[in-house]
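Structural characterization, general
In case you want the letters, here they are:
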Amino acid sequence: MRAMILAAGRGERLKPLTDTTPKPLIEVGGKPLIVRHLERLAAAGFEEVVINLAWLGEQIARHLGRGEAFGLDIRYSQEPPGALETAGGIVQALSMLGDAPFLAVSADVLTDYPFERALEIDITDPAHLVLVDNPPHHPSGDFSLDAGRVRAGGAQRLTYSGIAVFDPVLFAGLSPGRRALRPVLEEAIAEGRVGGERYSGIWADIGTPERLAEAQQSVADDD
């Protein structure tokens, strides 16, 4: 199984920090977020990783190289200025990802989700989402979970973590260009074709200076 790290975002809410540093290279506990992902992917048994790039992407490629330092083979999918959003970025990278299901991970989350679990999932749906308890900044959540099936409605809604296993068939037939992921997921959910799990371990979306500060403190407390 290959992995894709979604690293093309601008990080508008983290400005001015992201004016000169791409969000995936922001350090938490002295280590860039994307490096944390790569180290854990390698430890989990992954060998090939695709990373999409846009804003200040050359810094990411220069910092990571071809992945030798991690024991990984890294390939880059360069996007145009402004990026293609999540689904658009995946569509562009499909030729690098191959025909088998792949793990997708947002570069801007801090988590201890065991990536090796993705290698063990019996993929019978085009998407398997990892959902987490709603953080304070997203109290209404995204989807609900019912016996391993992801639903659009439901009383107990959870938040999509930015971690998923996708079968390329989910994106088959989608035209290239800028495209958000949520409408793609909602269509598949309406058809009953999305599975999922609830993860209760460490997870934080590093989307604002306040959340970055919280993550820094959390990592410091764990050391």
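Quick note: structure is the one above.
Let me begin by describing the structure that accompanies this report. Note that the coordinates shown come from a computational prediction; the quantities given were computed from them, not determined experimentally.

With that settled, the discussion passes to the nonpolar core. Ile34, Val49, Ile51, Leu64 and Leu103 are the most contacted members of the largest nonpolar core, which totals 32 residues. Contributing elements (two or more residues each) for this core: strand E1 (3–6), helix H2 (33–44), strand E4 (48–53), helix H3 (57–64), strand E6 (102–106), strand E8 (127–132) and strand E11 (157–166). With five residues, H2 is the single largest residue contributor to this core. Setting aside residues up to four positions removed in sequence, Val49 forms contacts with Ala3, Ile5, Leu38, Leu41, Leu72, Asp73, Ile74 and Arg75. With 29 residues, the next largest nonpolar core counts Ile90, Val91, Leu129 and Phe171 among its residues.

Another point: the pairing of E8. A regular strand places its side chains on the two faces of the sheet in alternate fashion. Across the six residues of E8, six count as buried, placing the element largely inside the fold. Burial of E8 is two-sided: the residues Ala127, Leu129 and Leu131 facing one way and the residues His128, Val130 and Val132 facing the other way are all buried.

Another aspect to go through is the side chain of Glu79. Residue position: Glu79 is located in the loop between strand E5 (73–78) and helix H4 (85–97). For the buried Glu79, no salt bridge is present, and the opposite-charge side chain at shortest range is Arg178, 7.2 Å distant. Separated by 2.8 Å, the side chain of Glu79 and the backbone nitrogen of Leu84 make a polar contact. Excluding anything up to four places from it in sequence, Glu79 contacts Ala8, Asn52, Leu53, Ala54, Leu84, Gly89 and Gln92.

All right, on to the environment of Tyr160 then. Turning to its location among the elements, Tyr160 is positioned in strand E11. In this structure, the C-alpha to C-alpha distance between Tyr160 and Ser144, residues 16 residues apart in sequence, is 9.6 Å. Tyr160 has contacts with Leu129, Val130, Leu131, Asp142, Phe143, Phe166, Leu181 and Trp203, leaving out every residue within four places of it along the chain.

Taken as a whole and assessed by the stated rule, the structure comprises 14 salt bridges. Arg178 is paired through a salt bridge with Glu85; the nearest N and O atoms lie 3.3 Å apart. Residue Arg178 is found in the loop between E11 and helix H6 (182–190), and its partner Glu85 is found in helix H4; the two are separated by 93 residues along the sequence. For Arg178, a relative accessible area of 55% puts it in the exposed group. Among the ionic pairs, Arg211 bridges to Asp205, the shortest N-O distance being 3.0 Å. When sorted by exposure, Arg211 lands in the same class as Asp205, which is buried. The network of salt bridges with shared partners includes Asp142, Arg182 and Glu186.

Between two packed helices, both the angle of their axes relative to each other and the distance between the axes serve to describe the pair. Relative to each other, H2 and H3 sit at 45°, their axes nearing to 11 Å. Of the possible angle classes, the one that applies to H2 and H3 is oblique. Along this stretch, H2 crosses H3, giving a crossing that reads as right-handed. For the pair H2 and H3, the contacting residues are Ile34, Val35 and Leu38 in the first and Ile60, His63 and Leu64 in the second. For the contact of H2 with H3, a count of residues per class yields five nonpolar, one polar and no charged.

Conventions used here
- Residues numbered from 1 in each chain as written.
- Predicted model: local features only at pLDDT ≥ 70, side-chain atom pairs only at ≥ 80, totals over all residues.
- Heavy atoms only, no water.
- Core = buried A, V, L, I, M, F, W, Y, C linked by side-chain atoms within 4.5 Å.
- Buried < 20%, exposed > 50% of the residue type's maximum accessible area, 1.4 Å probe, protein only.
- Helix = DSSP H or I, 4+ residues; strand = E, 2+ residues; numbered from the N terminus.
- Contact = heavy atoms within 4.5 Å.
- Lys, Arg positive; Asp, Glu negative; His and termini not counted.
- Salt bridge = Lys/Arg side-chain N within 4 Å of Asp/Glu carboxyl O.
- Polar contact = N/O pair within 3.5 Å; in protein donor to acceptor, adjacent residues only side chain to side chain.
- Axes fitted to C-alpha atoms, helices over the stretch in contact; angles between N-to-C directions.
- Parallel < 35°, antiparallel > 145°, perpendicular 65-115°, else oblique.
- Left-handed = near helix turned anticlockwise from the far one by under 90°.
- Nonpolar A, V, L, I, M, F, W, Y, C, P; charged D, E, K, R; others polar.

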